[in-house]
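Report on the structure
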Number of protein chains: 2
Amino acid sequence: MSQFENVAVVKKANVYFEGKVTSRVVLFPDGTKKTLGIMLPGEYEFGTDCHEVMEIQGGDLLVLLPGEEEWLHIQGEGEFQVPANTRFKLQVKQVTDYCCSYMTE
Amino acid sequence: MSQFENVAVVKKANVYFEGKVTSRVVLFPDGTKKTLGIMLPGEYEFGTDCHEVMEIQGGDLLVLLPGEEEWLHIQGEGEFQVPANTRFKLQVKQVTDYCCSYMTE
């Protein structure tokens with residue numbers, strides 16, 4: 001799917017890490033939410049409130065998921081999931097374009 | 001208006017200047033188009049295909065509009081317009097969140 005139809009988009013961006021990570025909130029008719037975001041090269045740590053599905057649309061990054069000791073390497077497209085109420089680390093090597101889905105059960 | 005309703009959003013980002021300028025395309029039911037974008041500090045030059053209205057939602061930047069000799073300074077919120085088929089320059093001092101409207105006539 002190359003575009004989301006019949007959605008609402010929050011005008012203002014979410015800005016993290018001095019703008020090296022930014023995203024826009026997309027709201028769906030069924031009440032679910034996704035963010036479309038960009039991460040520039042750097043090292044980041046994030047926490048989750050709910051289960052997140054991270055679709056990498058393009059980029060180059062290493063991901064350390066909670067409880068894991070080995071970094072997952074994603075080049076180009078890929079996906080990883082993060083349980084609710086956990087933390088995960090990222091080493092972004094090249095500009096990364098992502099779509100994050102927030103799962104509500 | 002804090003969010004756009006009943007729109008389509010292109011999933012993949014537009015990426016310029018190694019990711020220092022990125023945007024997402026928002027398509028409206030009336031056929032018009034806007035982009036929601038982020039610019040990180042740096043110096044940029046852009047060309048326009050159509051008349052553009054740039055709404056700055058937050059940031060700090062200097063703008064040199066076509067035919068002008070003085071830079072316009074926008075801090076916080078602001079707006080400027082650029083005629084079709086011209087070029088303009090930006091000096092972005094702090095992370096800048098913008099909404100660009102592409103005018104069709």
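Residues numbered from 1 in each chain as written. Chains lettered and ligands numbered in written order. Predicted model: local features only at pLDDT ≥ 70, side-chain atom pairs only at ≥ 80, totals over all residues. Heavy atoms only, no water.

Identification of chain A as Pyrimidine/purine nucleoside phosphorylase from Paenibacillus chungangensis is taken from an unreviewed UniProt entry. As its UniProt record puts it under Function (unreviewed entry), chain A is described as follows: "Catalyzes the phosphorolysis of diverse nucleosides, yielding D-ribose 1-phosphate and the respective free bases. Can use uridine, adenosine, guanosine, cytidine, thymidine, inosine and xanthosine as substrates. Also catalyzes the reverse reactions." In its Sequence similarities (unreviewed entry) section, UniProt records this for chain A: "Belongs to the nucleoside phosphorylase PpnP family." (UniProt positions renumbered as here; feature names shortened; annotations may be inferred.)

**Overview of the side chain of Glu 52 of chain A**
Residue and element names in this part refer to chain A. For Glu 52, the location among the structural elements is in strand S6 (residues 51-64). One buried charged residue, Glu 52, forms no salt bridge at all, with the nearest opposite charge on Lys 33 at 7.9 Å. Leave out the neighbours within four places in its chain, and Glu 52 touches Gly 47, Phe 80, Gln 81, Val 82, Phe 88, Cys 100, Ser 101 and Tyr 102. (Helix = DSSP H or I, 4+ residues; strand = E, 2+ residues; numbered from the N terminus. Buried < 20%, exposed > 50% of the residue type's maximum accessible area, 1.4 Å probe, protein only. Lys, Arg positive; Asp, Glu negative; His and termini not counted. Salt bridge = Lys/Arg side-chain N within 4 Å of Asp/Glu carboxyl O. Contact = heavy atoms within 4.5 Å.)

**So, the interface of chain B and chain A**
Listed per partner, the contact involves 31 residues of chain B and 31 residues of chain A. Carbon and sulfur atoms supply 56% of the area buried between chain B and chain A, which totals about 2500 Å² over both sides. On the chain B side of the contact with chain A, Val 9, Lys 11 and Arg 24 of chain B bury the most area, a combined 27% of that side's loss. Applying the counting rule to chain B against chain A returns four salt bridges. Residue Glu 55 of chain B pairs with Lys 11 of chain A through a salt bridge whose shortest N-O separation is 2.8 Å. Linking chain B to chain A there are 19 residue pairs in polar contact (both at pLDDT 80 or more). Among the elements of the structure, strand S1 (3-10), strand S3 (21-27), strand S4 (33-39), strand S6 (51-64) and strand S9 (87-103) of chain B are those that each provide at least two residues to the side of chain B that touches chain A. Classifying every residue of the side of chain B that touches chain A gives 15 nonpolar, seven polar and nine charged. Direction of pairing for strand S1 (residues 3-10) of chain A relative to S1 of chain B: antiparallel, over a ladder of five bridges. Bridge pairing in S1 of chain B links Val 10 of chain A to Gln 3 of chain B. (Buried area = accessible area lost by both parts, 1.4 Å probe. Polar contact = N/O pair within 3.5 Å; in protein donor to acceptor, adjacent residues only side chain to side chain. Nonpolar A, V, L, I, M, F, W, Y, C, P; charged D, E, K, R; others polar. Pairing = 2+ DSSP bridges.)

**A word on unusual backbone geometry**
One non-glycine residue with positive phi stands out, namely Glu 18 of chain A, at about 55 degrees. Among the structural elements, Glu 18 of chain A can be located in the loop between strand S2 (14-16) and strand S3 (21-27). For Glu 18 of chain A, a relative accessible area of 71% translates into the label exposed. A positive phi angle, near 50 degrees, is found at Phe 17 of chain B, a position not held by glycine.

**Regarding the pattern of salt bridges**
All names here are of chain A. For the coordinates displayed, the defined rule picks out six salt bridges over all chains. A salt bridge links Glu 45 to Arg 87; its shortest N-O distance comes to 2.8 Å. On the criterion of sequence distance, the pair formed by Glu 45 in strand S5 (residues 42-47) and Arg 87 in strand S9 (residues 87-103) is long-range, its members being 42 residues apart. For Glu 45, a relative accessible area of 35% translates into the label partly exposed.

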